[in-house]
Amino acid sequence: MFPSNDSKKGNFLEQTKAAREERALEKKRENAAIKIQSQLRGFCARKRFRSRVISEFDALIGFTEKGSNSKIQSIQLFHSTTRLLLVWDKKLDKDRIEKLCGLLVDSLAEDKAQLSYIGVALNREHSIYWISHIKKLLWMCCQYMEGLSPELAADSRSLLLFLRTLVSFTSITTWAILRSPAMEKLNPGMNKLCANIIGDLVNRGFLTTLKRVLIKGLCGSKPSLKQVSLSALFKLTLRPLVLADFSEKLLSMFLINIVSVPALLHHLTIISPECINQLVSNGVFKRSMTMLSSEQDLRIVFNTLEGNYALCLLANLIHMAHIEKDDSLKELYFPTFICVVSRMLECCQKYVGNKRSEVTHWHPVLGWFAQGLDLQLQASMPLVRRQLSYLWAAPLVSILLSDLNQIVQETGVPDPVASAPITFAGSSMQNNFNSMLKKVLDRPNKSGNIKYVKLGSPECTRVAMMASLYQTSLSTLTQLKLDILTGLCYQNGVLHLLWQFLWTLGPLCGLKAFLGLLDVDSNGTCPEFQMLTLFCDCMNHYILILDDIEMYEQQKPFRVGDYVLMSNFLNQFAYKAVLGGLFDAKSLHGNALFNAVLTLLLRLYQRDCRRQYTPDGHWLLKDIKISTFISDLEKGKKANQIILQKMPHIIPQDERVQIFRRHVANEKTSLGITESSCHSSSTLITIHRSRIVEDGYSQLATLNPQSLKGVIRVRFVNEQGLFEAGIDQHGVFKEFLEETIKRVFDPSLNLFRTTADERLYPSPTSALQDNHLQLFEFVGRMLGKAVYEGIVVDVPFASFFLSQLLGSQHQAYYSSIDELPSLDEELYRSLTYIKHHQGDVSELDLNFSIDQDYLGKLETFELVPGGRATPVTNENKINYIHLMAHFRMHIQIREQTAAFIRGFRSIINTDWLSLFSTPELQRLISGDNSPLDLKDLRRNTQYYGGFHDSHKVIGWLWDVLESDFSELEKRHFLKFVTSCSKPPLLGFAHLEPPFSIRCVEVGDDEDTGDTIGSVIRGFFTIRKKDPQHRLPTSSTCFNLLKLPNYQRKSTLREKLRYAISSNTGFELS
């Protein structure tokens, strides 16, 4: 009923605890109130203090009064400004600081200590405080400058005011108070004071601030900095260096922060040329090169900069070199300038390689890599490109190669092409030229008084390092490659000088020395090989834009003999280096030296294939033993496989055709296509004579390539709808193939057109035919089948189309303009005229578009996006010429060509095609161009119907062909019996089916084949009746000549001549 003592005690404790917590909370509230009150009182006090300081300052300087001209005591201004800095607010006090800066700068013109702000510094009581005070004030100016936009008029004025303040207080030149004789003794001390002030600013980030201001004011679509501002800015950037006597640390900071500003030197040259004079007078270029020649210092500078700004630094340094081309550069170009620029390019290249990733950005100089461009850099890149171009412009190239001409002359090496340039007026002149070149190539090397330059000698090293510089430029500045090559090819004969220097390295351009060096350096990366690589790259570019007039007629500076010697050196170097295993076979594809040598070699070879300039047999090497080479090839030796793949031209064409036929035979064996399995694996097709193409397409287009490579048996249906009696052999298919090809290549079908010299190429308007692309693929397969089976067909293709069939247009050595004459000689002459036009090409009123008549309607095609509005000028005319040629030969027929190639390559392996050049492929398709070898034909002739090789009529036939027929008539005879006017490449032993002659007694409509009686009569020359009124006939599908048993030789001659001239008797027996 009554509470216990324990419960009372518990209640008491709880009440005590609650009271204690309440007191603690009350104390917290009291402390919080005190703090709030303190903060509020402090805020109010500071506000009142600031208000009082601002009011006093405004009253002193007349901030609110317009046009106040009263002079203020410097000590008074110092005290007021000191208090202002205590309460300074960057945003609120900008105008006051600007007003103050104006007063301070104006005060410096006073020569009295009471009025000049420098007078405060001379006061012993205030000097220490004044120094820290002025440092803070000047840094505030830097902070304000960073936030300004120079393109705005108001900000531009503010920027100029802050710059005047910084310039005035970091140099004693404007301090009027020190001009009196009594004050002159203070100058050294005051200079030290200025150095101390600048040192403090630099430690705070002065140069970084100036860099940001320069980038903001110069790196836009249009520079916004005026001449006065830019001059003041640049003066400030140089001042720390001058005061520190160009210490290494400050010079490094200057390069990192100032010289890395995009296109700085370009803007200085245009806006403020006097700044350039300051650079030159202070020897900045020379000092910079000297410092960067240290690998450690260069690496520090490059690693500090982001890749894009390192490129801008390089561009400005190159611009400096251009400016000092007549002064410092002549002292520094070797080795300092060459080494520094080369090393920086290598660093850029490595940087780009390290920054590659799945997400990449396009850089207008370096190509694709992971780092993007900010807006300022993007706007400045065209100017940076222009600065970089000074490296391969005439002035710098002349200096860098100044020793090259002297070295060439001092060696006394004679001109390998001793005779004058040869013109190609006629065959006799060509023969003389060939004999002259053979003497040059075969003459013994008599050293005599000749002083060859050795690889690794000081002279060679100078040239090699220069070449290495430009080769590194090509591999780093990937988007400027064409500009670099063009600059080197056409500047002061640089390329020809390099060629002359190669003469001086020893017999055949130092072939032995280069091979020896390659044995040590298989990657070909040493400077000597970079020299050779550079020459090949430049020469390749030079020949790319070289037309026939320049190469064969003008011959300046390179003569035709130079190209012959050049190709001989490259041919032997590539062959011996690969065969000797001097190149690393695994990395051959990425070897810059091998690719450069091979590309130039193949370009020279392609030129020779199109228009011969070398002696006969020039490309075949004397050192190579064909039997041994083929044996090693069959054993699978890697070096031989590489040579056959990369440079098959060193092997005679007949050997390559045999290799091709072996490839076909091996594939047939692997596919089971043999004589014994023909009937089981063959495909039978039925062809109506009136619908040969249509029936062939419908039955063969759907066959897979493997089936098409097999045996195709053809059964013809005549006009009456009856099956023809034919022999189921290759001959019937050959007739079908010939008839199909003859019809589809007929220009009236509009699948193909002919050039002026009757060469075939796909018609741009073939789309008028239904399923024209499928037809092109079918035609490609049929032609591929003919080549696969060794059946020659008389189909002359335009050279440019054959090049595409080989895939040459995708190779580095391909040139559209080279191939254009094979399509349109008149267009080629017109484009050549534009190229050589001496005046302003823009006066011709051309643009990057082409008008074409398409079925009576004029259509315009643009060669580049916006081509109609892009005029052709002297600067872009070369590009226009190549684009025009590319459009005519590729763009307008690319779908047709792709379909044809797809069909052809489904039968013929692409690797097999690489064995042949363009004219060689034409000969593989249509037979050899060489004179008809009647002895070879006679050796490989089969006789039927009683004829034999000793038969009188047969003897007459061969005698008439040999003695009475012209070369043209012999070709007509061959076309009469085989449907092709050219013999097979490997001779008539490879004609399929073999050529045969059968004695006939009656006309073809009565001919039932050989009988025992007809054979006996033919053999013993017993005539059933006089055949004098009958003509010889032929069955081209069997390569068969059906020859009557004539009584007189004159009759045979007359009838045969008439038959072959009127194309009588193309039918199946």
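Residues numbered from 1 in each chain as written. Predicted model: local features only at pLDDT ≥ 70, side-chain atom pairs only at ≥ 80, totals over all residues. Heavy atoms only, no water.

Peer 1: Hey, could you run me through the overall build of the protein chain in this one?
Peer 2: A count of helical and extended segments in the protein chain gives 48 helices and 12 strands. Its C-alpha atoms give the protein chain a radius of gyration of 44 Å, clearly above 31 Å, the size a compact globule of 1069 residues would have. If one aligns the C-alpha atoms of the protein chain with their principal axes, the spans along those axes are about 145 × 120 × 65 Å. For the protein chain, the share of sequence-separated contacts (at least 6 apart) that also reach a separation of at least 24 residues comes to 76%. For the protein chain, the distance from the average site of its 121 positive side-chain charges to the average site of its 110 negative ones is 8 Å. (Helix = DSSP H or I, 4+ residues; strand = E, 2+ residues; numbered from the N terminus. Rg over C-alpha atoms; globule rule 2.2 N^0.38 Å. Contact = heavy atoms within 4.5 Å. Lys, Arg positive; Asp, Glu negative; His and termini not counted. Charge placed at Lys NZ, Arg CZ, Asp CG, Glu CD.)

Peer 1: Hey, could you run me through the packing of aromatic side chains in this one?
Peer 2: This model, assessed by the stated rule, comprises 35 aromatic pairs. Geometrically, the ring pair formed by Phe660 and Trp912 is edge-to-face, given 6.0 Å between the ring centres and 90 degrees between the ring planes. Of this pair, Phe660 sits in helix H31 (residues 653-671) while Trp912 sits in helix H42 (residues 910-913), placing them 252 residues apart in sequence. The pair formed by Phe660 and Trp912 is uniform in burial state, with each residue classed as buried. Judged by centre distance (5.3 Å) and plane angle (80 degrees), the rings of Phe745 and Phe797 are edge-to-face. Of this pair, Phe745 sits in the loop between helix H35 (730-744) and strand E5 (752-754) while Phe797 sits in the loop between helix H36 (772-789) and helix H37 (799-806), and the two are 52 residues apart along the sequence. By the burial criterion, Phe745 is buried, and Phe797 matches it. Three or more aromatic residues joined by ring pairs form one cluster here, namely Phe514, Phe529, Phe569, Phe573, Phe583 and Phe594. Geometry around Tyr552 places Arg611 over its ring, the cationic atom sitting 4.0 Å from the centre. (Phe/Tyr/Trp six-rings, centres within 6.5 Å; stacked < 30°, edge-to-face > 60°. Buried < 20%, exposed > 50% of the residue type's maximum accessible area, 1.4 Å probe, protein only. Lys NZ or Arg CZ within 6 Å of the ring centre and 35° of its normal.)

Peer 1: Before we go on, may I ask you to explain the pattern of salt bridges in this structure?
Peer 2: Pairing between side chains of opposite charge can happen when the charged atoms of each approach one another. The full count for this structure, using the stated rule, is 42 salt bridges. With a closest N to O distance of 2.8 Å, Asp200 and Arg204 form a salt bridge. Of this pair, Asp200 and Arg204 both sit in helix H7 (residues 187-204), 4 residues apart, which is roughly one turn of the helix. Among the charged side chains, a salt-bridge network with shared partners connects Asp548, Arg607, Arg610, Arg611 and Asp818. (Salt bridge = Lys/Arg side-chain N within 4 Å of Asp/Glu carboxyl O.)

Peer 1: Where do I start with the environment of Phe57 in this structure?
Peer 2: The topology assignment puts Phe57 in helix H1 (residues 5-61). Setting aside residues no more than four positions away along its own chain, Phe57 makes contact with Ser80, Thr81, Leu84, Arg96 and Leu100.

Peer 1: How do you make sense of the packing of helix H11 (residues 264-271) against helix H12 (residues 273-281) when you look at a structure like this?
Peer 2: Two measures define how a pair of helices packs: the angle their axes make with one another and the distance between the axes. Relative orientation of the contacting elements H11 and H12 amounts to 120 degrees, with a least axis distance of 5 Å. Here H11 is positioned oblique relative to H12, judged by the angle of their axes. Packed against H11, whose contacting residues are Leu265, Leu268, Thr269, Ile270 and Ile271, the element H12 presents Pro273, Cys275, Ile276 and Leu279 at the interface. Class assignment of the residues belonging to the contact of H11 with H12 gives a composition of 8 nonpolar, 1 polar and no charged. (Axes fitted to C-alpha atoms, helices over the stretch in contact; angles between N-to-C directions. Parallel < 35°, antiparallel > 145°, perpendicular 65-115°, else oblique. Nonpolar A, V, L, I, M, F, W, Y, C, P; charged D, E, K, R; others polar.)

Peer 1: Looking at this structure, how should I read the sheet that holds strand E9 (residues 942-944)?
Peer 2: Sheets are built from strands that pair by backbone hydrogen bonding, the pairs being arranged parallel or antiparallel. Pairing is mixed across the open sheet formed by 4 strands, whose spatial order is E9-E10-E12-E11. With one partner strand each, in any of the chains shown, E9 and strand E11 (1033-1035) form the two edges of the open sheet. For this sheet the average axis-to-axis angle between neighbouring strands, irrespective of direction, equals 25 degrees. Bridging between strand E10 (residues 996-1000) and strand E12 (residues 1040-1044) involves 5 bridges; their strand directions are parallel. Along E12, the bridge assignment pairs Cys999 with Leu1043. (Pairing = 2+ DSSP bridges.)

Peer 1: How do you make sense of helix H13 (residues 284-292) when you look at a structure like this?
Peer 2: Each α-helix winds once per 3.6 residues, and so residues spaced three or four apart point in a common direction. Taken as a whole, H13 has its buried residues at Val284, Phe285, Ser288, Met289, Met291 and Leu292. All buried residues of H13 project into a common sector of 165 degrees when viewed along the axis, lining one side. Buried residues in H13 make contact with helix H9 (227-243), helix H10 (248-259), H12, helix H14 (295-304), helix H15 (307-323) and helix H16 (328-354). (Arc of directions from axis to C-beta.)

Peer 1: How do you make sense of unusual backbone geometry when you look at a structure like this?
Peer 2: Negative phi is the rule for most residues except glycine; trans is the rule for most peptide bonds. The residue after Phe334, namely Pro335, is reached through a cis peptide bond having omega -5 degrees. Residue placement: Pro335 occurs in helix H16. Cis rather than trans, the peptide bond between Lys556 and Pro557 has omega equal to -5 degrees. Secondary-structure assignment places Pro557 in the loop between helix H26 (548-554) and helix H27 (560-579). Even without a glycine there, the phi angle at Leu508 is positive, about 50 degrees. Secondary-structure assignment places Leu508 in helix H24 (residues 507-520).

Peer 1: What exactly am I supposed to notice about the side chain of His319 here?
Peer 2: Along the polypeptide, His319 turns up in helix H15. According to the relative accessible area criterion, His319 is buried, its value standing at 4%. Residues within four places of His319 in sequence aside, it is in contact with Leu265, His266, Thr269, Gln387 and Tyr390.

Peer 1: I would appreciate a short explanation of the pairing of strand E3 (residues 683-688) in the present structure.
Peer 2: If a strand is regular, its side chains alternate between the two faces of the sheet. Here E3 shows a clear split, with Thr683, Ile685 and Ile687 buried on one side and none of Leu684, Thr686 and His688 buried on the other. Sheet analysis places E3 next to strand E4 (residues 712-717), joined by 6 bridges and oriented parallel. Across the sheet, residue Thr683 finds its bridge partner in E4, namely Ile712.

Peer 1: Is there a simple way to think about helix H6 (residues 153-169) in this case?
Peer 2: Compared with an ideal rise of 1.5 Å per residue, which puts 17 residues at 24 Å, H6 spans 25 Å between its outermost C-alpha atoms and is within 8% of the ideal. Most of H6 is tucked away: 12 of the 17 residues are buried. When we look at burial in H6, the residues that qualify are Asp155, Ser156, Ser158, Leu159, Leu161, Phe162, Leu163, Thr165, Leu166, Val167, Ser168 and Phe169. Looking at the buried residues of H6, the elements they touch are helix H3 (94-107), helix H4 (118-121), helix H5 (127-146), H7, helix H8 (206-218) and H9. (Expected span 1.5 Å × (residues − 1).)

Peer 1: Sorry, what's going on with the environment of Val597 here?
Peer 2: As for its position among the elements, Val597 is in helix H28 (residues 592-610). Apart from the residues lying within four places of it in its own chain, the contact partners of Val597 are Leu532, Cys536, Leu570, Phe573 and Ala574.

Peer 1: Looking at this model, I keep getting lost on the packing of helix H21 (residues 458-476) against helix H25 (residues 527-544). Mind explaining?
Peer 2: Running from amino to carboxyl end, H21 crosses H25 at an angle of 60 degrees, the nearest separation of the two axes being 7 Å. In terms of orientation, H21 lies oblique with respect to H25. Every pair of crossing elements has a handedness; the one defined by H21 and H25 is left-handed. Residue-level inspection shows Cys460, Val463, Ala464, Met465, Ala467, Ser468, Tyr470, Gln471, Thr472 and Leu474 of H21 in contact with H25, the latter providing Pro527, Glu528, Gln530, Met531, Thr533, Leu534 and Asp537. Its residues assigned to classes, the contact of H21 with H25 shows 10 nonpolar, 5 polar and 2 charged. (Left-handed = near helix turned anticlockwise from the far one by under 90°.)

Peer 1: When you look at the nonpolar core in this model, what are you seeing that I'm missing?
Peer 2: Note that soluble globular proteins tend to have their nonpolar side chains buried in a common cluster. Among the nonpolar cores identified, the biggest contains 295 residues, and Leu388, Tyr563, Phe573 and Phe797 are the most heavily contacted of them. Among the elements that take part in this core, H16 stands out by supplying 13 residues, more than any other. The contact partners of Phe797, leaving out residues within four places of it in the chain, are Phe745, Phe752, Arg759, Leu760, Leu783, Leu802, Phe900, Gln922 and Ile925. Listed in part, the 29 residues of the second largest apolar core include Trp956, Leu957, Leu1043 and Ala1059. (Core = buried A, V, L, I, M, F, W, Y, C linked by side-chain atoms within 4.5 Å.)

Peer 1: Hey, could you run me through the state of the cysteines in this one?
Peer 2: Disulfide: a covalent bond connecting the sulfur atoms of a pair of cysteines. Counted by the stated rule, this structure contains 0 disulfides. You can see Cys275 has no disulfide; the closest cysteine sulfur is in Cys219, sitting 16 Å from it. Residue Cys275 is classed as buried on the basis of its relative accessible area of 0%. (Disulfide = S-S within 2.5 Å.)

Peer 1: Can you help me understand the confidence of the model for the protein chain in this one?
Peer 2: One rule of thumb: low pLDDT means the predicted coordinates there are not for detailed reading. When pLDDT is averaged along the protein chain, the result is 87; 90% of the residues meet or exceed 70. Confidence drops under a pLDDT of 50 for residues 1064-1069, and excluding neighbours within four residues, the segment shows 26 contacts in the predicted structure. (pLDDT = per-residue confidence, 0-100.)

Peer 1: I'm lost on the side chain of Gln892 in this one. Help?
Peer 2: Note that Gln892 resides in the loop between helix H40 (877-889) and helix H41 (894-905). Gln892 sits in the buried class, given a relative accessible area of 15%. Within the structure, Gln892 has its side chain in polar contact with the side chain of Gln852 (distance 3.0 Å). Engagement of the side chain of Gln892 in a polar contact is seen with the backbone oxygen of Arg888, the distance being 3.0 Å. Setting aside chain neighbours within four positions, we find Gln892 in contact with Pro764, Gln852 and Phe887. (Polar contact = N/O pair within 3.5 Å; in protein donor to acceptor, adjacent residues only side chain to side chain.)

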